[in-house]
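Observations on the three-dimensional arrangement
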There are 2 protein chains.
Amino acid sequence: MSKAGEPAVAVADWGTTRLRVWLLDAAGNVFAERRSDEGLLSAQPDRFGDILERQLGDMGAPATLPVIICGMAGSRQGWAEAPYATVPVSLAEIFGAAVSVPRTKRDIRIVPGLAQRDTAAPDVMRGEETQLAGAAASLGFGRHFVCMPGTHSKWVELVDGTVTRFQTFMTGELFSVLSAQSILSHSIGTETKVAADRPAFIDWCRNAVSAPAPVETSLFRIRAATLLHGLQPADAGAALSGLLIGSEIAAAKARFALDGGPLVLIASGAMHALYAAALGLAGFEIKTVDADDAVRAGLAETARYFGMMTGEGAA
Amino acid sequence: MSKAGEPAVAVADWGTTRLRVWLLDAAGNVFAERRSDEGLLSAQPDRFGDILERQLGDMGAPATLPVIICGMAGSRQGWAEAPYATVPVSLAEIFGAAVSVPRTKRDIRIVPGLAQRDTAAPDVMRGEETQLAGAAASLGFGRHFVCMPGTHSKWVELVDGTVTRFQTFMTGELFSVLSAQSILSHSIGTETKVAADRPAFIDWCRNAVSAPAPVETSLFRIRAATLLHGLQPADAGAALSGLLIGSEIAAAKARFALDGGPLVLIASGAMHALYAAALGLAGFEIKTVDADDAVRAGLAETARYFGMMTGEGAA
């Protein structure tokens, strides 16, 4: 059995654009941490093993330390496909559906994503289910709505630890492609870092949440405001961010028939600041769970399920 | 005075991505036509004159033939800025606001765009005002709503030949950036040519116009349908097109409080087919005006205003 201060398991959040790896001791404390840009997009299928071994080696992980992974590494284009679990599904059940990566010396398992197979509202997630599992313990039973902002924001209904339905919004990606690739790039330039207290962010977000008009009615107004009213680049970037985040919140309120009230926000850093401000404008009371803590807790839960946190797999 | 069959004026629609030039005789008949990709993006400010002269030379235009231009060549980043006329504005008045391009041997004039300076709904157009002027004669007096689809679709309210208000939708550009640059590119691949009678186009469009939900609720479903339901690339492209065009129509109906009824559609070719189908699904009766005919007619009107069509400027 591993002692405190000695790694019991390595856990990794391996997404589309980045990889984060932590070594945890038997109590779940962080022993070491690494972050890299070697996400799915830069890791060809045959390089996942090499990348992970290099990271683990650099962290001084023992050669037999077991590994739990969540995220896009489990997609069909990833390292080893972990087929989606279908909602409604209990978060406690998904651990058992983790798949072993074949032909590795270590015990490496990948947590499955979730699928909503409803033909009218098909949806998928990979990685967020592990954040939810990590956050669920602190939320307790009952009905919760959860917002997980990002490239592809997820809104989730959670009832007694079961994911009943969810909805993806491409908000982060819309900001990215519209600010860099569309006519709006001429208004925004390189001013894509947005502060949550910037008046242009607040104004455009408040308009989007309080008098919901279709987002496509407002997008070109950012360009027109540059040409006609001298909107400055940093304000144009903030306007686009406020408009898109506000529109996401308005659409989610309609989708789940929410009228403000308590909401769980799983987010970190700048993303947390923007969504906390926007959700406040929309009348939500927020309980925040740190996204990094949540994913690590969910991965540790999975390791416990497989008996790894008691040290059986540790060197 | 120029004879029939002899050019009286050259007219050009000079947009962001393309240039079209026609030689017209004194009656407005097309004497010659050229199309090129030398739009604003490829023509640096100091090359507009060279490009135009080469096109005119290739068409055998006399050296003193006057020229009327509309479109982005009149923007601040264009050849010579033609300041926006502010709505409400009579289409008959905008001809007089055309600006002469300085330091040219020919008489070259650029038609101004239109601006809606309303701080809550700022908007601009350049080029479409000339299509409207060309179409207005055939529409007659009264109140008309006009849809002009494209990279940046315009919906316009026209009352007795006056543009009272308008709204831009970035529909064509959203299709372009989302199909090429976002996660949806993995679903669509290179299948970006959409047929108006493809069931996936019809289905996604009908959903968008008949049960309007915010477009951002549906976008990621295209990706999920690929992963969960085997949506094929050509159908994914058609789905995105149907969703975006349907959402534009639903948003325009809300913006102008339309409930179907007569609508003028100024469009050509594949774009006309897609919008005619989509507007039909939304309950509109359509009167079509060909977009190429409309812009040429508007440019000819401008030439007549300046006395060019009677041949004063012709060699």
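Below: a short report on this structure. Bear in mind the structure is a predicted one, so any value in this text is a computation, not a measurement. (Residues numbered from 1 in each chain as written. Chains lettered and ligands numbered in written order. Predicted model: local features only at pLDDT ≥ 70, side-chain atom pairs only at ≥ 80, totals over all residues. Heavy atoms only, no water.)

Before going further, it helps to spend a moment on the overall build of chain A. On a plain count of helices and strands, chain A comes out with 10 helices and 15 strands. By the compact-globule yardstick of 20 Å for 315 residues, chain A fits well, its C-alpha radius of gyration being 21 Å. Projected onto its principal axes, the C-alpha coordinates of chain A cover approximately 65 × 40 × 35 Å. Expressed as a percentage of the 315 residues in chain A, the buried residues total 59%. (Helix = DSSP H or I, 4+ residues; strand = E, 2+ residues; numbered from the N terminus. Rg over C-alpha atoms; globule rule 2.2 N^0.38 Å. Buried < 20%, exposed > 50% of the residue type's maximum accessible area, 1.4 Å probe, protein only.)

One way to put it is that helix α8 (residues 233-255) of chain A packs onto helix α7 (residues 215-229) of chain B with a least axis distance of 8 Å and a crossing angle of 85°. Judged by the inter-axis angle, α8 of chain A sits roughly perpendicular to α7 of chain B. Counted together, Ser247, Glu248, Ala251 and Arg255 of chain A of α8 of chain A and Glu216, Thr217 and Arg221 of chain B of α7 of chain B form the full contact between these two elements. Looking at the contact of α8 of chain A with α7 of chain B residue by residue, the classes come out as one nonpolar, two polar and four charged. (Axes fitted to C-alpha atoms, helices over the stretch in contact; angles between N-to-C directions. Parallel < 35°, antiparallel > 145°, perpendicular 65-115°, else oblique. Contact = heavy atoms within 4.5 Å. Nonpolar A, V, L, I, M, F, W, Y, C, P; charged D, E, K, R; others polar.)

Further remarks concern the sheet that holds strand β10 (residues 123-125) of chain B. Taken in spatial order, the three strands make up an open sheet running β5-β9-β10 (chain B), and their pairing is mixed. The strands lining the two open edges of the sheet, one partner per strand, are β5 (85-86) and β10 of chain B. Across the sheet, helix α7 (residues 215-229) of chain A is in contact with β9 (114-116) and β10 of chain B; its angle to β10 of chain B comes to roughly 85°. (Pairing = 2+ DSSP bridges.)

Right, let's talk about the pairing of strand β14 (residues 261-267) of chain B for a bit. All names here are of chain B. Taking burial as the measure, the seven residues of β14 include six buried ones, the bulk of the element. Bridge count for strand β11 (residues 143-148) against β14 is two bridges, and the pairing is parallel. Paired with Val146 across the two strands is Val264, which belongs to β14. As paired strands, β14 and strand β15 (residues 284-290) are joined by seven bridges and run parallel to one another. Across the sheet, the residue bridging to Gly261 is Phe284, located in β15. Following the backbone out of β14, through helix α9 (residues 269-281) and into the adjacent parallel β15, one traces a crossover that is right-handed. (Right-handed = clockwise from strand over helix to strand, strands pointing away.)

What follows concerns the pattern of salt bridges. Charged atoms that come close allow side chains of opposite charge to pair. Residues and elements named next belong to chain A. Using the criterion set out here, one finds 30 salt bridges over all chains in the structure. The partner of Arg76 in a salt bridge is Glu81, and the shortest N-O contact between them spans 3.5 Å. Judged by its relative accessible area of 54%, Arg76 is exposed. Owing to a relative accessible area of 37%, Glu81 belongs among the partly exposed residues under this scheme. A single salt-bridge network, built from bridges that share partners, covers Asp13, Arg20, Glu33, Arg35 and Asp292. (Salt bridge = Lys/Arg side-chain N within 4 Å of Asp/Glu carboxyl O.)

As a further point, take the interface of chain B and chain A. The interface of chain B with chain A comprises 44 residues on the first partner and 44 residues on the second. Here chain B and chain A share an interface that buries about 3600 Å² over both sides, 70% of which is from carbon and sulfur atoms. Three residues, Glu216, Phe220 and Leu228 of chain B, lead the burial of chain B against chain A; their summed loss comes to 19% of the area buried on that side. Inspection of the region where chain B meets chain A yields zero salt bridges. Counting across the chain B and chain A interface gives eight residue pairs in polar contact (both at pLDDT 80 or more). Broken down by secondary-structure element, the contributors of at least two residues to the side of chain B that touches chain A are β9, β10, β13 (162-169), α4 (171-181), α7 and α8 (233-255) of chain B. The element best represented in the side of chain B that touches chain A is α7 of chain B, accounting for 12 residues. (Buried area = accessible area lost by both parts, 1.4 Å probe. Polar contact = N/O pair within 3.5 Å; in protein donor to acceptor, adjacent residues only side chain to side chain.)

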